[in-house]
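As a plain string of letters, each chain reads:
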Amino acid sequence: MTQQPTAAMLAIGDELLSGRTKDKNIGYLADAMTLAAIDLKEVRIVADDQEAIVEAVNALRARYTYVFTSGGIGGTHDDITADSVSAAFGLPCIYNDEAMARLAETYARRGMEFNESRQRMARMPEGAALIDNPVSTAPGFVIGNVHVMAGVPQIFQAMLANVIPTLQGGIAIISEAIDCPFGEGDIGTALAAIQKAHPDTAIGSYPRFSEKGFSTQLVVRARERAHVDAAADAIRSMIASLQG
C-alpha cells in the first residue's frame, strides 16, 4: 500500500437519530484508527432505511480504504444492514453456513430454540468472511473493504479487536500539545499565518475558560517529527512575542 490508508464509519439506526441511543462506537473507532495509523476521514449516521444505507455504503467504500459499519445486524425486523450491504454490492443475502453452525451450537448449549429470528443473525452477502464475536457468537462480516459489525458497544469493540490485525496501517501521526495563555481571539491571525507557513502540519486550537479567563491549547500534528518541531517552535515564538 503506497498511500496513507483511510477509513470511514457508517453508524446505522433510527435510535441514534432519535436520541434514544447515545453512540459510543464512533469515538472508540477513532481512537483505534489513530493507534493503527489509519486516517478516519468521515462518519455518517443513517436511519434504518435500505436506500440510505446502500447509498452511504457505496459512496464510502469507493472513497476510503476501509469502511466500518455499526448496528442493524440483529434478528429483528428492523435489522436490515445485511440486506442493505448485500444490495450495495449487488449480491444475494444468504444464510452463511459457518455462521448458522456457530449459532446453532451456541443456542443448543444454552438450551434455547434456534428460531427464525435468531437464524436471521447468520444472514450476510454471499462470499462474505466472518468477523468473530466472542461476546455473543453472532458474527459480523467483511465484504470487499466493508466491515459490518454490531451496534452494542461491547460487541462492536470485541469485533473490532479481531479486525484491527487484518488491516494495513500507514505512518503514525506525531502530535505535540502547547498550552497558550491567550484566547483564540488574540492569536487567530498569527496562528493562521503559522498554519499557512507549515502546510505539512495540522494545527488544532482548543479554547479553555477558567477563573483566570480564556486560554487555548494548541496541538500540532504531522507525520514527521521535523514538521511538528518547526511548527511548535513557531507557536512558542508567537506566544513569547505576545507576552513581550
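Per chain, residue numbering runs from 1 following the sequence as it is written. Totals for whole chains, interfaces and linings use all residues, but because this is a predicted model, local features are given only for residues with pLDDT of at least 70 and pairs of side-chain atoms are given and counted only at 80 or more. The basis for the side-chain values is all heavy atoms of the structure; hydrogens and waters are excluded.

Colleague: Is there a simple way to explain empty space enclosed by the protein in this structure?
Modeller: Gaps left between atoms are located by rolling a probe of water-molecule size over the structure's atoms. Grid spacing is 1 Å over the protein atoms alone, the probe is 1.4 Å, and a cavity is where that probe fits but cannot get out, while a pocket is an open set with protein on both sides within 12 Å along at least five of seven lines and lining residues have an atom within 4 Å of a point. Grid points are joined across faces, edges and corners, and a volume is the space filled by probe spheres set on the points. Within the structure shown, the criterion is met by 1 cavity of 30 Å³ or more. Size it by volume and the largest cavity reaches roughly 70 Å³. Around the largest cavity, the lining residues are Gly72, Ile73, Gly74, Asp79, Ala82, Arg120, Met121, Arg123, Met124, Pro139 and Phe141.

Colleague: Where do I start with the layout of surface pockets in this structure?
Modeller: Space inside the largest pocket adds up to approximately 520 Å³. Breaking the lining of the largest pocket down by element, the ones donating at least two residues are α1 (14-18), α6 (116-119) and α7 (153-163). Considered class by class, the residues forming the lining of the largest pocket number 11 nonpolar, 13 polar and 8 charged. Taken together, 15 residues form the lining of the second largest pocket, with Thr34, Asp39, Ile173, Arg221 and Arg223 sitting closest to its centre. Taken together, the elements giving at least two residues each to the lining of the second largest pocket come down to α2 (25-35), β2 (39-46) and β11 (213-222). Side-chain classes are defined by residue name, with Ala, Val, Leu, Ile, Met, Phe, Trp, Tyr, Cys and Pro counting as nonpolar, Asp, Glu, Lys and Arg as charged, and the others, Gly among them, as polar. Grouping the amino acids of the lining of the second largest pocket by side-chain chemistry returns 10 nonpolar, 1 polar and 4 charged. In DSSP terms, a helix is any run of H or I states spanning at least four residues, a strand is any run of E spanning at least two, and both are numbered starting from the N terminus.

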